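A structural walkthrough
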Amino acid sequence: MKKQNSSPMVTGKVAVATAIALLVCSSLISGCKKDSAKPAEKPEAEAVVNKSRLKTNTYQSGTHNGFFWSLWKSDGATGTVNYANGSGGNYSVNWSGFNGNFTCGKGYSVGSPTYKIGYNLGSYSNSGGGTFGWYGWSRSPYYEYYVNETWGTESPHTGTFLGTFTSDGAGYNVWTRWMTGKNIDGGDGFRQIYSSRVTKVTPGSNRVITFANHYNKWQSYGYTLGQLNIPAIMVSETWGSNTAGSINCTIWAQ
């Protein structure tokens, strides 16, 4: 959700086209179809956000202890970002004096509507915009999706509000918006769909994200994810000017 001039969750947006997407797009799959969805499909009241995705300054990814991991920074980003893989599904990141957008995290090399992710957010500090939660992309059609568990000083919630539901004992608000600019394969436009906790998660407790609950709820609103043959991660994302913070997280399969 990289941060862009007019909206936060877009950072994933910038950010998140994330490292994830760029990797698969450039090296794993070729000749993908363009999203059939067009801007005209968006609800009349929905916000349309313009952002450029395929500019990258640095992108790193790999596997560690059976998990996929990635770190992406936007073009021209400055400041310090330190990412480290810990044991098992643990990772940590700290940053200071950062200007721009970055995303990082641990997860799996491909997404799935049936994932049930356990996680413990050991610590969270973020002086800028950003989000923490489950994140990925789909193709045919192109969707960038999030399950936001907590976020920084700037809320990532803009676009069209679809409703509220309960999953894993927590309330979630559902939002969507059409994004102009480039999708992960270089085509024009994509849609964002995301669930955000009504109350931010507090660090220190074991929690669960049953992704099928979000997938099915989005589908009930008419937004069905496409092919999930792209990495999905427990993402830490930040955007803004002169931001600082640190995050420590551990994930596991339920």
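Report on the accompanying structure. Bear in mind the structure is a predicted one, so any value in this text is a computation, not a measurement.

Our next topic: unusual backbone geometry. Note that the residue after serine 140, namely proline 141, is joined by a cis bond; omega there is 5 degrees. In this structure, proline 141 sits in the loop between strand E7 (129-138) and strand E8 (143-151). Unlike most non-glycine residues, asparagine 65 shows phi in positive territory, near 55 degrees. Considering the arrangement of structural elements, one finds asparagine 65 in the loop between strand E2 (56-64) and strand E3 (67-74).

Let us now look at the environment of serine 92. Tracing the backbone through its elements, the reader meets serine 92 in strand E5 (residues 90-108). Excluding anything up to four places from it in sequence, serine 92 contacts Asn82, Tyr83, Ala84, Ile247 and Asn248.

Turning to the side chain of serine 112, a few remarks are in order. As for its placement among the helices and strands, serine 112 is situated in the loop between E5 and strand E6 (116-126). Judged by relative accessible area, serine 112 falls into the buried class, the value being 14%. Aside from chain neighbours lying at most four places away, what touches serine 112 is Phe211 and Leu228.

When you line up the elements, glycine 122 lands in strand E6. Classification of glycine 122 as partly exposed rests on a relative accessible area of 43%. Put simply, glycine 122 and asparagine 90 are 32 residues apart on the chain and 9.7 Å apart in space, counted from C-alpha to C-alpha. Discounting chain neighbours no more than four positions away, the residues touching glycine 122 are Pro203, Gly204, Asn248 and Cys249.

Note: E6 against strand E12 (residues 206-210), five bridges, orientation antiparallel. The residue of E12 that forms the bridge with tyrosine 119 is arginine 207. Looking at chain direction, E6 and strand E13 (residues 232-253) are connected through nine bridges and run antiparallel. When the sheet's bridge partners are listed, serine 123 is paired in E13 with asparagine 248.

Below, the discussion takes up the side chain of arginine 197. With respect to the helices and strands, arginine 197 occurs in strand E11 (residues 188-197). Nearest to the buried, unbridged arginine 197 among oppositely charged side chains is glutamate 149, at 4.0 Å. Here the side chain of arginine 197 touches threonine 199 through a polar contact of 2.9 Å, landing on its backbone oxygen. Setting aside chain neighbours within four positions, we find arginine 197 in contact with Asn148, Glu149, Trp151, Ala170, Gly171, Tyr172 and Arg207.

Take the packing of aromatic side chains next. In the structure shown here, the tally under the stated rule is 16 aromatic pairs. Ring plane angle 15 degrees and centroid distance 5.5 Å describe the contact between tryptophan 69 and tyrosine 83, whose orientation is recorded as stacked. One end of the pair, tryptophan 69, is in strand E3; the other, tyrosine 83, is in strand E4 (residues 78-85), and 14 residues separate them in sequence. For the pair shown, tryptophan 69 and tyrosine 83 are each scored as buried. Ring plane angle 35 degrees and centroid distance 5.1 Å describe the contact between tyrosine 145 and phenylalanine 211, whose orientation is recorded as tilted. Within this pair, whereas tyrosine 145 is found in strand E8, its partner phenylalanine 211 is found in helix H3 (residues 211-220), the two being separated by 66 residues in sequence. Summarising the burial analysis for this pair, tyrosine 145 and phenylalanine 211 share the class buried. Grouping aromatic residues by their ring pairs yields a cluster made of Phe67, Tyr108, Tyr115 and Trp134.

Turning next to the pattern of salt bridges. A full pass over the atoms with the stated rule returns two salt bridges. Residue aspartate 185 pairs with arginine 139 through a salt bridge whose shortest N-O separation is 2.5 Å. Pair noted here: aspartate 185 is in the loop between strand E10 (170-182) and E11 and arginine 139 is in the loop between E7 and E8, with a separation of 46 residues, a long-range link. For aspartate 185, a relative accessible area of 24% corresponds to the partly exposed category.

With that settled, the discussion passes to the nonpolar core. Core analysis: the biggest nonpolar cluster contains 41 residues, and Phe132, Trp134, Tyr145, Phe211 and Leu225 have the highest contact counts within it. When residues of this core are assigned to their parent elements, the largest contribution, seven residues, is made by E5. If sequence neighbours within four positions are ignored, phenylalanine 211 has contacts with Ser112, Pro113, Tyr115, Trp134, Tyr145, Val147, Trp218 and Leu225. Of all hydrophobic cores here, the second largest spans 13 residues; its members include Trp137, Ile184, Ile233 and Val235.

Conventions adopted
Residues numbered from 1 in each chain as written. Predicted model: local features only at pLDDT ≥ 70, side-chain atom pairs only at ≥ 80, totals over all residues. Heavy atoms only, no water. Helix = DSSP H or I, 4+ residues; strand = E, 2+ residues; numbered from the N terminus. Contact = heavy atoms within 4.5 Å. Buried < 20%, exposed > 50% of the residue type's maximum accessible area, 1.4 Å probe, protein only. Pairing = 2+ DSSP bridges. Lys, Arg positive; Asp, Glu negative; His and termini not counted. Salt bridge = Lys/Arg side-chain N within 4 Å of Asp/Glu carboxyl O. Polar contact = N/O pair within 3.5 Å; in protein donor to acceptor, adjacent residues only side chain to side chain. Phe/Tyr/Trp six-rings, centres within 6.5 Å; stacked < 30°, edge-to-face > 60°. Core = buried A, V, L, I, M, F, W, Y, C linked by side-chain atoms within 4.5 Å.

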